[in-house]
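What the coordinates show
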Amino acid sequence: MMLGALMLLVLLLCLLPGGDRGAADAAPAARSFTGVASCAGSTCHGRMEGDGKVVRQDELMRWQEPSSPGGAHARAFAVLSGTRGRQIASTLGFGDPTAAPACLGCHSTPAAAKGARFLASDGVGCEACHGAAGGWIASHYAVGATHASNVAAGMMPLDRPQARAAVCLDCHFGSDRPGQFVDHRMMAAGHPRVSFELDLFSSMQAHHDEDADYVRRKGRTDSLKLWAVGQAMAVERALTLYASAKGSEGAFPEFYFFDCQSCHRRIYDQAERSKTWEANPGRPIPVGMPPFNDENMIMLSAAAKVIAPGAAGRFDADSKAFHAAIARDRGAAVAAAGKLAASAGALANGFAGARTSGDMAFAIVSEIAGGAISPRFTDYEGSVQAVMAIDTLLNSMVKSGRVTVGAAAGIRADVNRAYAAVKEPNSYQPAAFRSALGSAARSIGALR
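What this report covers is the structure whose coordinates are included nearby. Not measured: the values here are computed from a predicted model.

Let's shift gears to the pattern of salt bridges. Inspection of every chain in the model, using the stated rule, returns 19 salt bridges. Asp58 is paired through a salt bridge with Arg56; the nearest N and O atoms lie 2.8 Å apart. Both residues of the pair, Asp58 and Arg56, belong to the buried class. With a shortest N-O distance of 3.7 Å, Glu295 and Arg193 are connected by a salt bridge. Here Glu295, found in helix H15 (residues 295-307), pairs with Arg193, found in the loop between helix H10 (184-188) and helix H11 (198-205); they are 102 residues apart in sequence, far enough to count as distant. By the burial criterion, Glu295 is buried, and Arg193 matches it.

So this is what it looks like as structure tokens:
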């Protein structure tokens, strides 16, 4: 994993564990969650070193790694008892955060039916991502078992980009289920901003080796496709939730959906005004109106132009129409959100079935830093998403053999300068970021 990505996302991954939509949707309630202990035998996934013949078998140790982002899910429950977790719970009147439903939906494995060995204190356990194991734990390692048969028995098909994105987004963006939505009140009480990028986060949480056996059973991971599908589904999820009852709180909109830094800026009172905003060509809204967080929309626009050019125009038009509708009224915004969500969903389906290539990754990097997209980086959140995308796409070029590891390392300083430009949100400068991003993109382009 690239150093810049690691530095930027350690805190986010430590405090924002993954969710469980797939586990509950894929298996009937009668299938119980068996708990982490059920996977922990030395003949299963509990070895101290990865020397298994089929899988590593030290997956539990990697999941529990105390210092790395790879152990963030195991630490998810424990952070609730920390100073910050208790302060947040006290402010919101939740009582003990380790027992608060609003916290446990993401800081533990949400389980409808719990087996005798299930412990909420395990944090975000194996079944939060792989699905309730009651239907397949006894058969998934049997002679003759296949990935398809495991999925049929309730295991989540995480090799499918859309299935993986749906599971991760439940907590790394939010869902309509209890305890899986970080609203503005929670953030005001001290919860960190939620961030998500499917391929980058997946690689930081990977506890397996993608060896010949893995490829034979599940196919080789397409990082570019994973990134693009993740962007599309993040847009769809955001808009679907915004159009639901979660989109407003009393007389106000739910500010979770809006760009944080657009409001959280210094206020000046002096002889001459200090302009703290930039016009954004992708958001036709009146000056001074809080903008909807469009970080994933920007990335999805760049991806669509390269992978699905026939659908790119419609998506961009629907995106602008949605932003314009927000300036009118809630009803118009909800209608436009539904249309844009449908466009994003169609792109997710198209990306999932598309054949991608290293040339596409180069082209998307060029689009992100090019004249049509770069002017849209006027706010912090979109800029963070852009530099994660640049890093992810560079990694995908290495994985596909289009760029050597040495060549990628040679331009790491340029990518790290882009990370440095978004290291501190309070000192973020749009022009400086665009310059750093452009430099990194040109360095990557020179490797083509």
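Past the structure itself, the notes keep going.
Here the focus is the state of the cysteines. Counted under the stated rule, the structure contains one disulfide. The disulfide that involves Cys106 links it to Cys171, with 1.9 Å between the sulfurs. Taking the torsion about the sulfur-sulfur bond, which here is approximately -100°, the covalent link between Cys106 and Cys171 counts as left-handed. Here Cys171 lies in helix H9 (residues 161-172) and Cys106 lies in helix H6 (residues 101-107), a separation of 65 residues in the sequence. You can call Cys171 buried: its relative accessible area is 5%. With no disulfide of its own, Cys44 has Cys39 as its nearest cysteine by sulfur position, at a separation of 7.6 Å. Distance from the sulfur of Cys103, which forms no disulfide, to the nearest cysteine sulfur (Cys106) is 9.7 Å. Residue Cys103 is classed as buried on the basis of its relative accessible area, which comes to 13%.

Here we come to the nonpolar core. Counting 94 residues, the largest nonpolar core has Trp227, Phe322, Phe351 and Ile368 as the members making the most contacts within it. Here this core takes 13 residues from helix H13 (residues 223-242), the largest share from any one element. Leaving out residues up to four positions away in the same chain, Phe351 has contacts with Lys225, Ala228, Val229, Ala232, Leu300, Ala303, Ala304, Ile307 and Ala308. Among the nonpolar cores identified, the runner-up in size contains five residues, and Met156, Leu158, Ala163 and Val167 belong to it.

Right, let's talk about the packing of H15 against helix H16 (residues 309-326) for a bit. Interaxial distance between H15 and H16 falls to 7 Å at its minimum, and their mutual angle equals 160°. Accordingly, the angle class assigned to the pair H15 and H16 is roughly antiparallel. Seen along the crossing, H15 lies across H16 with a hand that is left-handed. Taking contact as the criterion, the partners of Met297, Leu300, Ser301, Ala304, Lys305, Val306 and Ile307 in H15 are, on H16, Pro309, Ala312, Phe315, Asp316, Ser319, Phe322 and His323. Taken together, the residues that form the contact of H15 with H16 break down as nine nonpolar, three polar and two charged.

Our focus in this paragraph is the packing of helix H21 (residues 412-420) against helix H22 (residues 430-445). Relative orientation of the contacting elements H21 and H22 amounts to 160°, with a least axis distance of 8 Å. Overall, the two elements H21 and H22 adopt an arrangement that is roughly antiparallel. The crossing of H21 and H22 is left-handed. Residue-level contacts link Asp414, Val415, Arg417 and Ala418 of H21 to Phe433, Ala436, Leu437, Ser439, Ala440 and Ser443 of H22. Here the contact of H21 with H22 is built from residues that sort into six nonpolar, two polar and two charged.

Take H15 next. In an α-helix, one full turn covers 3.6 residues, which means residues spaced three or four apart are oriented alike. Between its first and last C-alpha atoms H15 spans 19 Å; for 13 residues at 1.5 Å apiece the expected length is 18 Å, and the two agree. Of all the residues in H15, the buried ones are Glu295, Asn296, Met297, Ile298, Met299, Leu300, Ser301, Ala302, Ala303, Ala304, Val306 and Ile307. In this fold, the buried residues of H15 make contact with H13, H16, helix H17 (330-353), helix H18 (358-368) and helix H19 (380-399).

Criteria and cut-off values
Residues numbered from 1 in each chain as written. Predicted model: local features only at pLDDT ≥ 70, side-chain atom pairs only at ≥ 80, totals over all residues. Heavy atoms only, no water. Salt bridge = Lys/Arg side-chain N within 4 Å of Asp/Glu carboxyl O. Buried < 20%, exposed > 50% of the residue type's maximum accessible area, 1.4 Å probe, protein only. Helix = DSSP H or I, 4+ residues; strand = E, 2+ residues; numbered from the N terminus. Disulfide = S-S within 2.5 Å. Core = buried A, V, L, I, M, F, W, Y, C linked by side-chain atoms within 4.5 Å. Contact = heavy atoms within 4.5 Å. Axes fitted to C-alpha atoms, helices over the stretch in contact; angles between N-to-C directions. Parallel < 35°, antiparallel > 145°, perpendicular 65-115°, else oblique. Left-handed = near helix turned anticlockwise from the far one by under 90°. Nonpolar A, V, L, I, M, F, W, Y, C, P; charged D, E, K, R; others polar. Expected span 1.5 Å × (residues − 1).

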